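# Survey of secondary and tertiary structure
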Amino acid sequence: MDQAAGGTPQDAGTPPTCYRHPDRATGVRCTRCERPVCPECMIDASVGFQCPDCVRGGSGTGHAPAASRPRTLAGGTVVADPRLLTKILVGLNAAFYLVQIAVGDRFTARFELIGQAYVPLLGSVEGVADGQWYRLLTAMFLHGSLIHIIFNMLSLWWIGGPLEQALGRARYLALYVLSGLAGSALTYLIAAPNQPSLGASGAVFGLFGATAVLLRRLRYDMRPVIALLAINLIFTFSPGFNIAWQAHVGGLVAGVVIGYGMVHAPRERRALVQYGTCALVFVITLALALVRTGQLS
């Protein structure tokens, strides 16, 4: 029998478990001590991955401690609470929904995504085309019903938490915001200018796309996330659900592109490739919004 690092024997034929998280099966081992490590524990190295203990112990070549600082798969800093941003995002969405309930439809009408239309509640013509560009962002934190926000927040928690651990906070936040903006921009471009839209779905679909890229990079079984994504896409394009499919598609495409740049960036040019990919997605998003504004002006 193979003996796990934590002292628990493993049956022949079963995959090894992480030495820090015995309940998590993994096929990845530290390139230095050869102990099995899960995605949360693996730290990107020049060749393969290393475990936190080997990284904290230094490289044995006289490198400064900062050179061996624990990093996530995408190069982010390993932190004590790897789900902090996900918790904050869930909290922000919940807070905005409570404000929607407390203030009423006037609040929603002022901050939801709309291209250009007369809004009776506000008594004026409103929309992104009239200079209210903030609607591309604020619409990401509004929801139309309790069921709407519950489904989005459950997806954000299930998908976002592990992704934040793998990418690190800064990269995860960039992915979330840019995916949401891309979804808003595509909705603004294609949907009728008087059709309001709101919800975190664009950002959440971006997380779906990046997760698929990450799982492929780690050579994990992609069938669960593909099945979940397929189910969501079926609902997206099914008649009668009144879903802004443009936000879902825009967020998904942005998430795949950004996710690929995050996890496949070469180590020696990691920051340049990662943030260059984010900048490219932002420029394309801005271009879509400018095109639509020109059409409606």
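This write-up is about the structure you can find in this document. A quick note: this is a predicted structure, and the numbers were derived from the prediction, not measured. (Residues numbered from 1 in each chain as written. Predicted model: local features only at pLDDT ≥ 70, side-chain atom pairs only at ≥ 80, totals over all residues. Heavy atoms only, no water.)

## Remarks on the overall build of the protein
Per the secondary structure count, the protein includes ten helices and six strands. Split into buried and exposed, the 297 residues of the protein put 47% on the buried side. Taking the intrachain contacts of the protein between residues at least 6 apart in sequence as the baseline, contacts between residues at least 24 apart amount to 62%. When the accessible area of the protein is evaluated, it comes to approximately 14800 Å², of which 64% is carbon and sulfur surface. (Helix = DSSP H or I, 4+ residues; strand = E, 2+ residues; numbered from the N terminus. Buried < 20%, exposed > 50% of the residue type's maximum accessible area, 1.4 Å probe, protein only. Contact = heavy atoms within 4.5 Å. Areas by Shrake-Rupley, 256 points an atom, 1.4 Å probe, with all protein chains shown as cover.)

## Regarding empty space enclosed by the protein
All told, the structure shown has one cavity of 30 Å³ or more when counted by the stated rule. Approximately 50 Å³ is the volume attributed to the largest cavity. Listing elements by their share of the lining of the largest cavity, those giving two or more residues are α6 (169–190) and α10 (270–296). Here the residues of the lining of the largest cavity sort into seven nonpolar, three polar and one charged. (1 Å grid on protein atoms, 1.4 Å probe; cavity = no way out; pocket = protein on both sides within 12 Å on 5 of 7 lines; lining within 4 Å. Points joined across faces, edges and corners; volume = space filled by probe spheres on them. Nonpolar A, V, L, I, M, F, W, Y, C, P; charged D, E, K, R; others polar.)

## Digging into the packing of helix α2 (residues 84–103) against α6
Here α2 crosses α6 at 35 degrees, and the two axes come no closer than 10 Å. Of the residues in α6, those touching α2 at L84, L85, T86, L89 and N93 are R169, Y172, L173 and Y176. Taken together, the residues that form the contact of α2 with α6 break down as six nonpolar, two polar and one charged. (Axes fitted to C-alpha atoms, helices over the stretch in contact; angles between N-to-C directions.)

## Here's the deal with unusual backbone geometry
Non-glycine residue E34 carries a positive phi angle of around 65 degrees. If you trace the backbone, E34 turns up in the loop between β2 (9–10) and β3 (43–44). Residue classification places E34 among the exposed residues on the basis of a relative accessible area of 55%.

## Regarding the side chain of S197
Locating S197 in the fold gives a position in the loop between α6 and α7 (201–218). Not counting residues up to four positions away in its chain, the partners in contact with S197 are E112, L113, A139, T187 and A244.

## A word on the layout of surface pockets
In this structure, the largest pocket occupies an estimated 1100 Å³ of space. Lining the largest pocket are 43 residues, and of these H148, N152, S201, I243 and H248 sit closest to its centre. For the lining of the largest pocket, the secondary structure elements donating two or more residues are α5 (146–167), α6, α7, α8 (223–237) and α9 (245–264). Sorting elements by how many residues they give to the lining of the largest pocket places α5 first, with eight residues.

## Quick look at α6
In an α-helix there are 3.6 residues to a turn, and that puts residues three or four apart on one side. If you check α6, its first and last C-alpha atoms are 32 Å apart, about what 22 residues at 1.5 Å a residue would give, namely 32 Å. With 16 of 22 residues buried, α6 lies mostly within the body of the structure. (Expected span 1.5 Å × (residues − 1).)

## Side note on the side chain of Q132
For Q132, the location among the structural elements is in the loop between β6 (124–126) and α4 (135–138). By relative accessible area, Q132 is classed as buried at 14%. Among the polar contacts listed, one links the side chain of Q132 to the side chain of E126, at a separation of 2.5 Å. Not counting residues within four places of it along the chain, the set of residues in contact with Q132 comprises E126 and G127. (Polar contact = N/O pair within 3.5 Å; in protein donor to acceptor, adjacent residues only side chain to side chain.)

## Some thoughts on the pattern of salt bridges
Counted by the stated rule, this structure contains five salt bridges. For D53, the salt bridge is made with R35, and the minimal N-O distance between the two is 3.4 Å. Of this pair, D53 sits in helix α1 (residues 52–56) while R35 is found in the loop between β2 and β3, placing the two residues 18 residues apart along the sequence. Given the relative accessible area of 32%, D53 is considered partly exposed. (Salt bridge = Lys/Arg side-chain N within 4 Å of Asp/Glu carboxyl O.)

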